[in-house]
Amino acid sequence: MNLSNKLNSILKEYSEGNKTSAYKKFKKIYLQSNRNIKLRYNLAVMQQELGLLDEAETNYISLIKHRDESKYNINLYNLYITKGSYLDALKIIDSIKSQNLSLIKVDQDRAYILYLIKNYQDSILQCKEILIADDNNVHVLNTLGLCFLKLERYDEANTTLLKAISLNNQNIIILNSLGRLNHELRKSKKAEGFFDQAFSINPNSFETLNNMAGFYLEEEKYQKAINFYKKAEKLKPNNPILINNIAKTFMCLHDVREAEKHCRKAISIDQKNDEFKKILALILLKKYDFKNAWLSFDGRLSLSDFANKNSTLKLVRNKIPNKKISNKNSKILVLREQGIGDEILYGTMYYDLLNEFPHSVIECDERLIPLFKNSFSSNKDKFVKLGTHSLDANKINDFNYIIYAGSLGRYFRNDLNSFSQNPYIKNIENYKDLELDNILNNNQGLKIGISWKSLKNRYSSEKSLSLEDFENIFKIKNSIIFNLQYGDVNEDLKNFTKKQDYKIITLETLDLFNNFSGLANLLKHLDLFVTVSNSTAHLAGALGVKTILIKPPNHASFHYWNYEDGKTPWYKSINIISKENLKDRKFINHLFKL
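So, here is what we can say about the structure in this document. The residue numbering used here restarts from 1 in each chain and proceeds along that chain's sequence as written. In keeping with the predicted nature of the model, local features appear solely for residues at pLDDT of at least 70, side-chain atom pairs appear and are counted solely at 80 or more, and the whole-chain, interface and lining totals rest on all residues. Note that the side-chain values use all heavy atoms of the structure and ignore hydrogens as well as water.

1. Quick word on unusual backbone geometry
A negative phi angle is the norm for most residues apart from glycine, just as the trans form is the norm for most peptide bonds.
For step 1, the next point in the chain: You will see that Lys118, though not glycine, has its phi angle at about 70°, which is positive.
For step 2, the next point in the chain: Starting at the N terminus, helices and strands are each numbered in turn, a helix being any DSSP run of H or I of at least four residues and a strand any DSSP run of E of at least two. Tracing the chain through its elements places Lys118 in the loop between α7 (104–116) and α8 (120–133).

2. Some points on the layout of surface pockets
For step 1, the next point in the chain: In this structure, the second largest pocket encloses a volume near 540 Å³.
For step 2, the next point in the chain: Definitions used throughout: a 1 Å grid over protein atoms alone; a cavity as a set of points that fits a 1.4 Å probe which cannot get out; a pocket as an open set with protein on both sides within 12 Å along at least five of seven lines; a lining residue as one with an atom within 4 Å of a point. As for the second largest pocket, its lining consists of 29 residues, and the residues nearest its centre are Glu220, Lys551, Pro552, Pro553 and Lys579.
For step 3, the next point in the chain: Taken together, the elements giving at least two residues each to the lining of the second largest pocket come down to α27 (460–463), β10 (574–577) and α32 (579–582).
For step 4, the next point in the chain: Of the residues contributing to the lining of the second largest pocket, the split by class is nine nonpolar, eight polar and 12 charged. Grid points are joined across faces, edges and corners, and a volume is the space filled by probe spheres set on the points. Only Asp, Glu, Lys and Arg are considered charged, only Ala, Val, Leu, Ile, Met, Phe, Trp, Tyr, Cys and Pro nonpolar, and every remaining residue, Gly among them, polar.

3. Considering the nonpolar core
The nonpolar side chains of a soluble globular protein tend to be buried with one another.
For step 1, the next point in the chain: To define a nonpolar core, start from buried Ala, Val, Leu, Ile, Met, Phe, Trp, Tyr and Cys residues and group those joined through side-chain atoms within 4.5 Å. Residue exposure (1.4 Å probe, protein chains only): buried if accessible area is under 20% of the type maximum, exposed if over 50%, otherwise partly exposed. Tyr350, Phe482, Leu523 and Leu539 are the most contacted members of the largest nonpolar core, which totals 100 residues.
For step 2, the next point in the chain: Considering every element that reaches this core, the biggest residue donor is helix α17 (residues 274–286), with eight residues.
For step 3, the next point in the chain: Between two residues, a contact is recorded if the distance between any of their heavy atoms is within 4.5 Å. Contacts of Leu523, omitting those with residues within four sequence positions, involve Leu484, Phe529, Thr536, Leu539, Ala540, Leu543 and Val545.
For step 4, the next point in the chain: Counting 47 residues, the second largest nonpolar core, distinct from the first, contains Ala44, Ile92, Ile96 and Leu141.

4. Quick word on empty space enclosed by the protein
For step 1, the next point in the chain: Tallying each qualifying case throughout the model produces two cavities of 30 Å³ or more.
For step 2, the next point in the chain: Space inside the largest cavity adds up to approximately 90 Å³.
For step 3, the next point in the chain: In terms of lining, the largest cavity is formed by Asp298, Leu301, Ile320, Pro321, Lys323, Ile402, Ile403, Tyr404, Ser407, Arg410 and Tyr411.
For step 4, the next point in the chain: Here the lining of the largest cavity takes three residues from strand β4 (residues 401–404), the largest share from any one element.
For step 5, the next point in the chain: The class makeup of the residues in the lining of the largest cavity is seven nonpolar, one polar and three charged.
For step 6, the next point in the chain: Around the second largest cavity sit Leu53, Asp54, Lys83, Pro240, Ile269 and Asp270, which together line it.

5. Quick notes on the pairing of strand β6 (residues 479–483)
Along any regular strand the residues' side chains alternate between the sheet's two faces.
For step 1, the next point in the chain: Of all five residues in β6, four are buried, a share of seventy percent or more.
For step 2, the next point in the chain: With five bridges connecting them, strand β5 (residues 446–451) and β6 associate as parallel partners. The residue bridging Lys447 from the neighbouring strand is Ile480, located in β6.
For step 3, the next point in the chain: In terms of strand pairing, β6 meets strand β7 (residues 504–505) through two bridges, oriented parallel. Counted as the bridge partner of Ile481 is Ile504 from β7.
For step 4, the next point in the chain: The handedness of a crossover follows from its direction of travel: if, with the strands pointing away from the viewer, the path from the first strand over the helix to the second runs clockwise, the crossover is right-handed. The handedness of the β6 to β7 crossover, carried by helix α29 (residues 490–499), is right-handed. A pair of strands counts as paired when DSSP detects no fewer than two bridges linking them.

6. A short note on the sheet that holds strand β3 (residues 383–385)
For step 1, the next point in the chain: Reading across the sheet, the four strands line up as β3-β2-β1-β4 and stay open at both edges, with parallel pairing between neighbours. A single partner strand is all that each edge strand has here, and the edge strands are β3 and β4. The sheet shows a mean angle of 25° between the axes of neighbouring strands, direction not considered.
For step 2, the next point in the chain: Here strand β2 (residues 361–364) runs beside β3; their pairing, made up of three bridges, is parallel. Within β3, the position partnered with Ile362 by the bridge is Phe383. Only the contacting stretch of a helix is used when fitting its axis, a line to C-alpha atoms as for every element, and angles between N-to-C directions run 0 to 180 degrees.

7. Points about the state of the cysteines
For step 1, the next point in the chain: The criterion for a disulfide is a pair of cysteine sulfur atoms lying within 2.5 Å. Going through the model one piece at a time under the given rule, you end up with zero disulfides.
For step 2, the next point in the chain: In this model Cys147 remains outside any disulfide bridge; the closest cysteine sulfur is found in Cys127, 5.6 Å from its own.
For step 3, the next point in the chain: Note on Cys252: no disulfide assigned, nearest cysteine sulfur contributed by Cys263 at a separation of 13 Å.

8. Quick look at the packing of helix α16 (residues 256–269) against α17
For step 1, the next point in the chain: As a packed pair, α16 and α17 sit with axes 10 Å apart at the nearest point and diverge in direction by 160°. As the angle between them shows, α16 and α17 are arranged roughly antiparallel. Two packed elements cross with a definite hand, and for α16 against α17 that hand is left-handed. Contacts between α16 and α17 involve Val256, Ala259, Glu260, Cys263, Arg264, Ala266 and Ile267 from the first element and Phe276, Lys277, Ile279, Leu280, Ile283, Leu284 and Lys286 from the second.
For step 2, the next point in the chain: Across the contact of α16 with α17, the residue classes tally to 10 nonpolar, no polar and four charged. In these notes the angle categories are as follows: under 35 degrees is roughly parallel, over 145 is roughly antiparallel, 65 to 115 is roughly perpendicular, and the rest is oblique. Each helix crossing is assigned a hand: it is left-handed if the near helix lies turned anticlockwise from the far helix by less than a right angle, otherwise right-handed if that turn is clockwise.

9. Describing the side chain of Asn59
For step 1, the next point in the chain: Its place among the elements puts Asn59 in helix α4 (residues 53–66).
For step 2, the next point in the chain: Its relative accessible area of 6% is what places Asn59 among the buried residues.

10. Things to note about helix α31 (residues 535–543)
For step 1, the next point in the chain: Counting buried residues along α31, nine of its nine residues qualify, which places the element largely inside the surrounding structure.
For step 2, the next point in the chain: Contact partners of the buried residues in α31: α21 (340–346), α23 (369–375), α30 (516–524), β8 (528–532), β9 (547–550) and β10.
For step 3, the next point in the chain: Whenever a nitrogen or oxygen atom comes within 3.5 Å of another N or O atom, the pair is scored as a polar contact, on the condition that within protein one atom can donate a hydrogen and the other can accept it, and that pairs from neighbouring residues in sequence are kept only if both atoms are in side chains. The opening residue of α31 is Asn534, an N-cap whose side-chain oxygen sits 3.2 Å from the backbone nitrogen of Thr536.
For step 4, the next point in the chain: One or two steps after α31, the chain reaches Gly544, where phi turns positive at roughly 80°.

11. Brief notes about the pairing of strand β1 (residues 332–335)
For step 1, the next point in the chain: Side chains Ile332 and Val334 project from β1 onto one buried face, and the interleaved Leu333 and Leu335 project onto a second face that is buried too.
For step 2, the next point in the chain: Both β1 and β4 contribute to a ladder of four bridges, which runs parallel. Residue pairing across strands places Val334 opposite Ile403, the latter belonging to β4.

12. Comments concerning the pattern of salt bridges
For step 1, the next point in the chain: By salt bridge we mean one thing: a side-chain nitrogen of Lys or Arg within 4 Å of a carboxyl oxygen of Asp or Glu. One pass over the structure, following the stated rule, counts 29 salt bridges.
For step 2, the next point in the chain: A salt bridge links Lys105 to Asp109, with the shortest nitrogen-to-oxygen separation between them at 2.8 Å. Within this pair, Lys105 and its partner Asp109 are both found in helix α7, separated by four residues, close to a single helical turn.
For step 3, the next point in the chain: Note on Lys105: relative accessible area 41%, which makes it partly exposed.
For step 4, the next point in the chain: We classify Asp109 as buried; its relative accessible area is 10%.
For step 5, the next point in the chain: For Glu366, the salt bridge goes to Lys385, with nearest N and O atoms at 3.8 Å. Linking Glu366 in the loop between β2 and α23 with Lys385 in strand β3, this pair joins segments that are 19 residues apart in sequence.
For step 6, the next point in the chain: Looking at Lys385, the relative accessible area reads 43%, which means it is partly exposed.
For step 7, the next point in the chain: Shared partners join several salt bridges into a network, and the residues in it are Arg336, Glu343, Asp365 and Arg367.

13. Some points on the packing of aromatic side chains
How two aromatic rings sit relative to each other is set out by the distance from centre to centre and by the angle between their planes.
For step 1, the next point in the chain: Any two rings among Phe, Tyr and Trp, with Trp reduced to its six-membered ring, count as a pair given centres within 6.5 Å; such a pair is stacked if its planes are under 30 degrees apart, edge-to-face if over 60, and tilted if neither. The tally for this structure, following the rule as stated, stands at 32 aromatic pairs.
For step 2, the next point in the chain: An angle of 25° between the planes, with centres 6.4 Å apart, marks the rings of Phe372 and Tyr424 as stacked. Taken together, the residues span a long stretch of sequence, with Phe372 in helix α23 and Tyr424 in the loop between α25 (409–412) and α26 (434–442) at a distance of 52 residues.
For step 3, the next point in the chain: Residue classification places Phe372 among the buried positions, given a relative accessible area of 0%.
For step 4, the next point in the chain: One aromatic cluster is present, built from ring pairs that chain together Tyr288, Phe290, Trp294, Phe297, Tyr346, Phe419, Tyr563 and Trp570.
For step 5, the next point in the chain: Across from the ring centre of Tyr41, 4.5 Å away, lies the NZ or CZ of Lys71, which sits over that ring.
For step 6, the next point in the chain: Only lysine NZ and arginine CZ atoms are considered, and such an atom sits over a ring when it is within 6 Å of the ring centre and within 35 degrees of the ring normal. If you follow Arg413 out to its NZ or CZ, it ends over the ring of Phe419, 5.6 Å from the centre.

Structure (structure tokens):
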């Protein structure tokens, strides 16, 4: 068989689905053919489809150096999109446009990349510019709808995507976007309907399989999610993002061995991806391998999500240590990260920090300063308001190092024995709340606090409960129930107490969101606190208040609540139960001997 026939036979084998075997045969011929340009291009295309992205990238770059053809550049920027290297993709697209090549597909892709890098307003402008000339361009309508979705302009997103699907009701890309929109709105049945429709049109669409897996992951149907991810993996066996998603799903199933195996495989394919390193850290934290977990945990610092939540990162990045600090006399600035709950959690390491590095300064949420100064009385001058130093370039230079609080684990929490067994926050003893004192003086019995909502995060709805879910708590005899839920919950309480003859006490003079000293005072007067995972749960744990925490679904649980034994090493006084346990009165009574 001559070379041409042999190549055609291999390409036929590849197109019929035996891709890996055909690729190996093709590569062997390529290596024996003095790296023929045409063969190299076909090889790169195969590598791109098989997820061998680094090899494909090398070949495309070599091809472009040999001859700067648009098809090489287009494939390379699409490869960068797959890898998540969106700025590299945008750079190539802009170079193509500078050559005055009028390629509508390139303009479409530019709008899409702007969407991917979260430059939604510029993406919208690009989309609208294209739609002036072609108002029925479904690909552009899809990108425009996704931008509206991210900006939470849900009505505009829905109108735009429904227009797109009316133009082409068999377009699985639009169906997937409608599925994502409805899932974001927690219209699960409608979302599933759109995904099912896309699947029925093409059961071998990678995007659809991947989206369906993500949908079932967030619907707590973890095994079903695995099944769809595995189907997608057959199409792209070396796609590192997909493999990492499989790792996250196995972690939801508490299969730590499989989770770690898949995560490490993803890292072996793309060693530069810090998201994978962060997931590996969470897996290792779950298996109590704290020492190795912290080595990967700093991967979070390079993620866009972290940067979006920490505006100081750009200013302080050069001061973040790339290895463990050894000089005890170093002047260190510690910054809080994420929300106030994480700040309280990682504050459990502040005693260790100040003992080990006495020249440290800790920026913190203004609401916590009175409690921190009261609890660290000999180091009260170490606690300052957020931004005191980190927003001033000159003050930043006064420090040798700057550390985000979560990174302190590398220094002080390397095994289970290193976790403190004692609460570290002390309530302010002379704090006076006349309203609370009056209620306590006139009511005897078990004092129980409840909190049922988590606010302002991606998984708020999954982490929140309704007052009806606390039925067994309300039925505990000889008890008084206090409302510790921050936010506007008046309607919740009004509607619930109309239907049920339960009394829930709200302290009218206590601002539960802003007055953490008053909140701590109330918590310390409780016999029991029952809560979802929110910032008040962290404060209760840090105070040593006996607490029942209702665990969120596994996919919505942070690492510090994601243990199977009902305990967390971070807070000794917290017992973690499921929503189903909360509805089991015998379980509640047995657990706390009420």
